[in-house]
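# Inside the fold
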Amino acid sequence: MNTVPSVRQILSATVVSVSLLSSVAAIAQTAPARIRATINKITGDNVDVTDIGGKNMTLKLAPDVGFLSVDNAAITDIKTDSFIGTAAIPLPDGTLKAMEVTVFPPGMKPGEGHYPWDLGDNSTMTNGTVGDVVVTSGRTITVKYAKGEKKIMIPENAPIVRLAPSDRTLLVAGAHAIFFMSKAADGSPLVARAAIGRGGVVPPM
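Since this is a predicted model, take the numbers as computed values, not measurements. (Residues numbered from 1 in each chain as written. Predicted model: local features only at pLDDT ≥ 70, side-chain atom pairs only at ≥ 80, totals over all residues. Heavy atoms only, no water.)

## So, the confidence of the model for the protein
The predicted model of the protein averages 84 in pLDDT, with 83% of residues at 70 or higher. In the model of the protein, helix 1 (residues 7–30) stands out as the element of lowest mean pLDDT, 32, in contrast to strand 2 (residues 46–51), which has the highest, 97. Segment residues 1–31 is flagged for pLDDT under 50; beyond a separation of four residues in sequence, or across chains, it makes two contacts in the model. (pLDDT = per-residue confidence, 0-100. Helix = DSSP H or I, 4+ residues; strand = E, 2+ residues; numbered from the N terminus. Contact = heavy atoms within 4.5 Å.)

## Topic: the layout of surface pockets
The volume enclosed by the second largest pocket comes to roughly 220 Å³. Every element with two or more residues in the lining of the second largest pocket is listed here: strand 8 (124–134) and strand 13 (189–197). Across the lining of the second largest pocket, the residue classes break down as 10 nonpolar, four polar and two charged. (1 Å grid on protein atoms, 1.4 Å probe; cavity = no way out; pocket = protein on both sides within 12 Å on 5 of 7 lines; lining within 4 Å. Points joined across faces, edges and corners; volume = space filled by probe spheres on them. Nonpolar A, V, L, I, M, F, W, Y, C, P; charged D, E, K, R; others polar.)

## Examining the side chain of asparagine 127
By the element assignment, asparagine 127 lies in strand 8. Asparagine 127 gets classed as buried once you look at its relative accessible area, which sits at 5%. Within the structure, asparagine 127 has its side chain in polar contact with the backbone oxygen of proline 110 (distance 2.8 Å). Sequence-distant contacts of asparagine 127, that is, excluding residues within four places in its chain, are made with Phe83, Ile84, Gly85, Thr86, Phe104, Pro110, Gly111, Glu112, Gly113, Tyr115, Val143 and Tyr145. (Buried < 20%, exposed > 50% of the residue type's maximum accessible area, 1.4 Å probe, protein only. Polar contact = N/O pair within 3.5 Å; in protein donor to acceptor, adjacent residues only side chain to side chain.)

## A look at the packing of aromatic side chains
Under the counting rule described, the total for this entry stands at two aromatic pairs. Judged by centre distance (6.5 Å) and plane angle (50°), the rings of tyrosine 115 and tryptophan 117 are tilted. Residue tyrosine 115 is classed as partly exposed on the basis of its relative accessible area of 28%. Looking at arginine 34, its charged tip hangs above the ring of tryptophan 117, at a distance of 3.7 Å from the centre. Note that arginine 193 overlies the ring of phenylalanine 180, its terminal NZ or CZ placed 4.2 Å from the centroid. (Phe/Tyr/Trp six-rings, centres within 6.5 Å; stacked < 30°, edge-to-face > 60°. Lys NZ or Arg CZ within 6 Å of the ring centre and 35° of its normal.)

## Some points on the nonpolar core
Within the largest apolar cluster, 19 residues are counted, with the highest numbers of intra-cluster contacts made by Ile39, Val49, Leu59, Phe67, Phe179, Val191 and Ile196. Looking at this core, the elements with two or more residues in it are strand 1 (34–43), strand 2, strand 3 (56–72), strand 12 (176–183) and strand 13. Per-element tally for this core: the top contributor is strand 3, with five residues. When sequence neighbours within four positions are dropped, the list of residues in contact with leucine 59 reads Ile35, Asp45, Asn46, Val47, Val49, Phe179, Met181 and Val191. (Core = buried A, V, L, I, M, F, W, Y, C linked by side-chain atoms within 4.5 Å.)

Now the structure itself:
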């Protein structure tokens, strides 16, 4: 019996392999990079949560997971040379309207730049250093980053929070959090960083 595979068989196997790889890639691309949820229970390195869509899930903490506390802040906490992040939507004149503002602690400058975000259609995230601050005239700030700058208007009702380095003591039932996900060597999801509200604060980012 001839056991040498035909060209048709080889092509068929190749198509199947490519299809499987494409499916895996699609799943990887659609996996959430951020999970917003309420903590239900902590068991070792596993955290049972309910996400904002009402789905219950268990998240595993990475061995080197980092924790940040999230506390309420005020417009006066946004100063020239502060490093902030702000999710926003565009206005017709090109200015951005802040959905929230996060003030980072001194020396922490993660994710500098301007890029798409997942808080609704056309939402973006701008992380950068505050330049001009005009609080008395519409609460407008200029945020500068490596490849440009954005003018951002902060509405009166936009939540403003500040972050600070913290630890596992933030992991308490009932706390609201945003979990930033990564992948283990075997491809399974891990929590790389967690920003957790204190005193009932809901991380707005």
